[in-house]
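Observations on the model geometry
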Amino acid sequence: MAFEAAFEILEPSGVVQAIMQAVDGTLAAVQPGAVATLGLLGTGALIAGQALAGWLLADLGSGVIHWAQDRYGSPRWPLVGGIVRDTIRHHRKPMGFLEKPVLARSARMIGLSLVVLAVLLLAGAPLAFALPLSAGIFLSNEIHAAAHAKARSLPGPVRALQRMGLIQSPLHHAAHHRHLKNVNFCTLTDWVNPVLERARFWRRLEAVIRYAGGIRTRRDPVVRRQQRRRWKAA
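1. So, the packing of helix α5 (residues 127–148) against helix α7 (residues 170–178)
- The N-to-C vectors of α5 and α7 enclose an angle of 90 degrees; their axes lie 8 Å apart at closest approach. The pairing of α5 with α7 is recorded here as roughly perpendicular in orientation. Here α5 contributes H144, A146, A147 and H148 to the contact with α7, which in turn contributes P170, H173 and H177.
- The class makeup of the residues in the contact of α5 with α7 is three nonpolar, four polar and no charged.

Here it is as structure tokens:
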């Protein structure tokens, strides 16, 4: 009631009209900036979401490649036999991975990343998605190497990213080597493996391959030695 009485008193004087005009003018001035700001925030969120999706998809891809190398194939196979031998050697001597030069570790992944980037861009994929996906493929073996390196040998920003889980931490990757190389196949981040392991993704995939094609996983000597040590310890 008091507000209505004040409004009736002030209205004839033109004060209310002046206030309304001032409010309208302020809103008209602020609105374009607010809309632009919201647009920028929306665009930024979209770009960040696309970049994260690309990075995580690269992590999943690293897991598929790593899983196939660790669980299938033979060193005697043509074409891929050398890759299988490198995989077995890595599990026998994990730190030996660090003795190789960058090109020896990552040449295949660098080539694959460039092919994937070209295909994505030709297909019209957003650059914000294509670049992180290709970068994840490009860097996957180097991030894997960093997960084996001593912390003091790594630059501070790399250690910070490992603590965040945006690139894989040594503790997270160590589970793969402790568990007979049948878990945590993704090598890029700490985020994708827990989801896949909770869903028993790799076990279910191996079961499908075994029942559908009769193909069983490879049993490496290094894994059998680890099992024997566990049995003796028990």
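From this point, the narrative continues.
2. Notes on unusual backbone geometry
- We note that N184 has phi near 50 degrees; this positive angle belongs to a residue other than glycine.
- Relative to the helices and strands, N184 is located in the loop between α7 and α8 (192–198).
- Judged by relative accessible area, which is 8%, N184 ranks as buried.
- One non-glycine residue, R200, lies in the positive phi region at around 55 degrees.
- Along the polypeptide, R200 turns up in the loop between α8 and α9 (201–213).
- Judged by relative accessible area, which is 45%, R200 ranks as partly exposed.

3. Describing the packing of helix α4 (residues 102–122) against α5
- α5 packs onto α4 with a crossing angle of 170 degrees between their chain directions and a minimal axis gap of 9 Å. It follows from the interaxial angle that α4 and α5 lie roughly antiparallel. Touching V102, R105, S106, M109, I110, L112, S113, V116, L117, L120 and L121 of α4 are L127, F129, A130, L131, L133, S134, I137, F138, S140, N141, E142 and A145, all from α5.
- Its residues assigned to classes, the contact of α4 with α5 shows 16 nonpolar, five polar and two charged.

4. Side note on the environment of N182
- Structurally, the position occupied by N182 is in the loop between α7 and α8.
- C-alpha of N182 to C-alpha of D70: the two residues are 112 residues apart in sequence and 8.1 Å apart in space.

Definitions and limits used
Residues numbered from 1 in each chain as written. Predicted model: local features only at pLDDT ≥ 70, side-chain atom pairs only at ≥ 80, totals over all residues. Heavy atoms only, no water. Axes fitted to C-alpha atoms, helices over the stretch in contact; angles between N-to-C directions. Helix = DSSP H or I, 4+ residues; strand = E, 2+ residues; numbered from the N terminus. Parallel < 35°, antiparallel > 145°, perpendicular 65-115°, else oblique. Contact = heavy atoms within 4.5 Å. Nonpolar A, V, L, I, M, F, W, Y, C, P; charged D, E, K, R; others polar. Buried < 20%, exposed > 50% of the residue type's maximum accessible area, 1.4 Å probe, protein only.

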